[in-house]
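Analysis of the macromolecular model
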Amino acid sequence: MRFRDDLIKIRPSTELRRLIAEKQFPITSVSGSTPQHAQIAESLGVRLFTMSGSAVSTELFGLPDAGLLSMTEVIEAAKRVCNSVSIPVVVDCDTGYGNPVGVSRTVSEVIKAGAAGFFIEDQTSPKRCGFTEGKEVVSIEDMVGKLRAAKDMRDKLDPDVVMMARTDARNAVGGSLDEVIRRGHAYIEAGADVLMVVALKSRDELRAVRNAFPDFPLKAVVHSIRPRLTAAEYAEFGLLTQSFKMNVVASMALHSFIKDYQSRGVDAYNELLDANKGHPLVDFGFLELTGFQKVVELEQRYLPAEALTKYKADGE
C-alpha cells in the first residue's frame, strides 16, 4: 500500500514507454536499492528509478555483487520499491535466474511486483559485477532463447513493460567490441526494446556502438571511460539515461560523517542538523517523505472518536 499519493493516473510501464517515445534523451534517472531511495528521487522530480542489483546485494544483504542473490530475494526487494512510488521502476534481473523456463517465471514475478521495465544480462551464472575481471558470457543462442521467453511472458502480462537486453561481452574473457555489436543485433532481433552495454573503454567505442544502432534506444554503463562523460556528452551520444548510484553517494557521505562523529561525538551530529535547518529531511522529515500524514488522515476518518483523543494535547 502506498501511504503517499497513491492515485496513479497512468501505469508506470505506460509512462516509461511514453518517456522513451519522447526521445528527450538522456532521461534523468537515479539508481538505488531501497524504497527510501526511490521516494527521495520521486519527491525531487526524478522521473525514473532503477533498482540496481549490485546495490541490493551490498546494501540489503551485505554481500558482494557476485550472483549470490536468489530470484525471490530480488523480487521481494522490487515489490517494496515499486510499491513505494508512482514513478517507473526498472529492475535489474541479473541473468534471469535460470534457462528460458526460469526466465519466464522471473519476468512474470517482476511484472507482478510492479516493475515498469527490467533487464537481463548475458553473463554465465553465477554472474559477477560488470566491471570485474574473469567474467564469462553465454552463447548468443542461449541469450536469445532467454529474451524470446522473456518477451512472450511480458507480452502476455503487460506489453508496455520495457525489456532491456544487457551485454557484458566487451570485457568478458575473450570479449571484444565486435562481439558487443554482433550480440546487439541478435538481441534486438529477439525483441529487446533497449540495448544495454556495459564496460566500454573509450568514447570511440561508445561512438562505434551508437553508429551500429543509430536509431535504437541505447543505455550504456560507462564507469570505465576516463575522463568521465559529461551531461552534454550523454545528450550528444543520445544515451537513454544518465544516472548515479545513490548507495555510492550515501555511503561516501556516511563514511565521512562517521569519521567526524568518532572524533567529536554527538557534537558532530548536532552541528550537522543545525547547519541543515530547514532541510526537508532534518529531524522527522522522513515521516512526511513516506506519507505519514496519510496514516493520520485514515485514522481520523475511520477510528472512533474516543480513540482520536490521543491526538489532543494535554489540557485541550
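Reading the values: rules and limits
- Residues numbered from 1 in each chain as written.
- Predicted model: local features only at pLDDT ≥ 70, side-chain atom pairs only at ≥ 80, totals over all residues.
- Heavy atoms only, no water.
- Core = buried A, V, L, I, M, F, W, Y, C linked by side-chain atoms within 4.5 Å.
- Buried < 20%, exposed > 50% of the residue type's maximum accessible area, 1.4 Å probe, protein only.
- Contact = heavy atoms within 4.5 Å.
- 1 Å grid on protein atoms, 1.4 Å probe; cavity = no way out; pocket = protein on both sides within 12 Å on 5 of 7 lines; lining within 4 Å.
- Points joined across faces, edges and corners; volume = space filled by probe spheres on them.
- Helix = DSSP H or I, 4+ residues; strand = E, 2+ residues; numbered from the N terminus.
- Nonpolar A, V, L, I, M, F, W, Y, C, P; charged D, E, K, R; others polar.
- Pairing = 2+ DSSP bridges.
- Axes fitted to C-alpha atoms, helices over the stretch in contact; angles between N-to-C directions.
- Right-handed = clockwise from strand over helix to strand, strands pointing away.
- Parallel < 35°, antiparallel > 145°, perpendicular 65-115°, else oblique.
- Left-handed = near helix turned anticlockwise from the far one by under 90°.
- Salt bridge = Lys/Arg side-chain N within 4 Å of Asp/Glu carboxyl O.

1. Observations concerning the nonpolar core
Soluble globular proteins tend to bury their nonpolar side chains together. Counting 61 residues, the largest nonpolar core has Phe49, Met51, Val91, Phe118 and Leu206 as its most contacted members. With sequence-adjacent residues up to four places away left out, valine 91 is seen in contact with Met51, Val74, Ala78, Val110, Ala115, Gly117, Phe118 and Phe119. Counting 16 residues, the second largest nonpolar core, distinct from the first, contains Ala116, Val194, Met196 and Val198.

2. Focus on the layout of surface pockets
Of the volumes computed, that of the largest pocket is approximately 1,000 Å³. Lining of the largest pocket is provided by 28 residues; of these, Gln36, Ile40, Ala250, His279 and Leu281 occupy positions nearest its centre. Looking at the lining of the largest pocket, the elements with two or more residues in it are α2 (35-43), α10 (246-264), α11 (266-275) and α12 (285-290). Broken down by element, the lining of the largest pocket gets its largest block of residues, 7 residues, from α10. Taken together, the residues of the lining of the largest pocket sort by class into 17 nonpolar, 7 polar and 4 charged. When its volume is computed, the second largest pocket comes out at roughly 620 Å³. Surrounding the second largest pocket, 31 residues form its lining, Phe131, Val221, Val222, His223 and Lys245 being those nearest its centre. Of all elements in the fold, only β1 (27-32), α3 (53-61), β6 (194-198), β7 (218-221) and β8 (241-242) reach the threshold of two or more residues within the lining of the second largest pocket. Here the element with the most residues in the lining of the second largest pocket is β7; it accounts for 3 residues. The class makeup of the residues in the lining of the second largest pocket is 12 nonpolar, 11 polar and 8 charged.

3. A short note on empty space enclosed by the protein
The gaps left among the atoms become clear once a water-sized probe is rolled over them. Scanning the entire structure with this criterion turns up 1 cavity of 30 Å³ or more. Here the largest cavity defines a volume of roughly 40 Å³. Around the largest cavity sit Gly53, Ser57, Asp65, Gly67, Leu68, Leu69 and Asp94, which together line it. Here the residues of the lining of the largest cavity are counted per class, giving 2 nonpolar, 3 polar and 2 charged.

4. Describing the sheet that holds strand β2 (residues 48-51)
Within the open sheet, the 8 strands sit side by side as β7-β6-β5-β4-β3-β2-β1-β8. Their pairing is parallel. For this open sheet the edge positions go to β7 and β8, each flanked by a neighbour on one side alone. Across the sheet, helix α1 (residues 12-22) touches β1, β2, β3 (89-92), β4 (117-121), β5 (162-167) and β6, and the angle it forms with β5 is around 65°.

5. Considerations on the pairing of β1
Counting buried residues in β1 gives 5 out of 6 residues, a clear majority hidden from the surface. Of the pairings in the sheet, the one linking β1 to β8 comprises 2 bridges and is parallel in character. From the neighbouring strand, threonine 28 faces β8, where its bridge partner is glutamine 242. Here 4 bridges tie β1 to β2, and the two strands are oriented parallel to one another. The partner of valine 30 across the bridge, within β2, is phenylalanine 49. Once you follow β1 into α2 and on to β2, the crossover reads as right-handed.

6. Remarks on the packing of helix α4 (residues 71-82) against helix α5 (residues 100-112)
Between α4 and α5, the shortest axis-to-axis distance is 9 Å and the interhelical angle comes to 20°. The angle between α4 and α5 falls in the class roughly parallel. Classified by chirality, the crossing of α5 by α4 is right-handed. Together, Met71, Thr72 and Ile75 of α4 and Arg105, Thr106, Glu109 and Val110 of α5 make up the contact between the two elements.

7. What to know about the pattern of salt bridges
A full pass over the atoms with the stated rule returns 24 salt bridges. Ionic pairing is found between aspartate 160 and arginine 11, a salt bridge with its closest N-O pair at 3.3 Å. You can see aspartate 160 sitting in the loop between α6 (140-157) and β5 and its partner arginine 11 sitting in the segment before α1, a full 149 residues away along the chain. A relative accessible area of 45% places arginine 11 in the partly exposed class. Salt-bridge contacts for glutamate 179 lead to arginine 183; the nearest nitrogen and oxygen are separated by 2.8 Å. With glutamate 179 and arginine 183 both in helix α7 (residues 177-189), this residue pair falls 4 residues apart, about one helical turn. Per residue, the accessibility class of glutamate 179 equals that of arginine 183, and both read buried.

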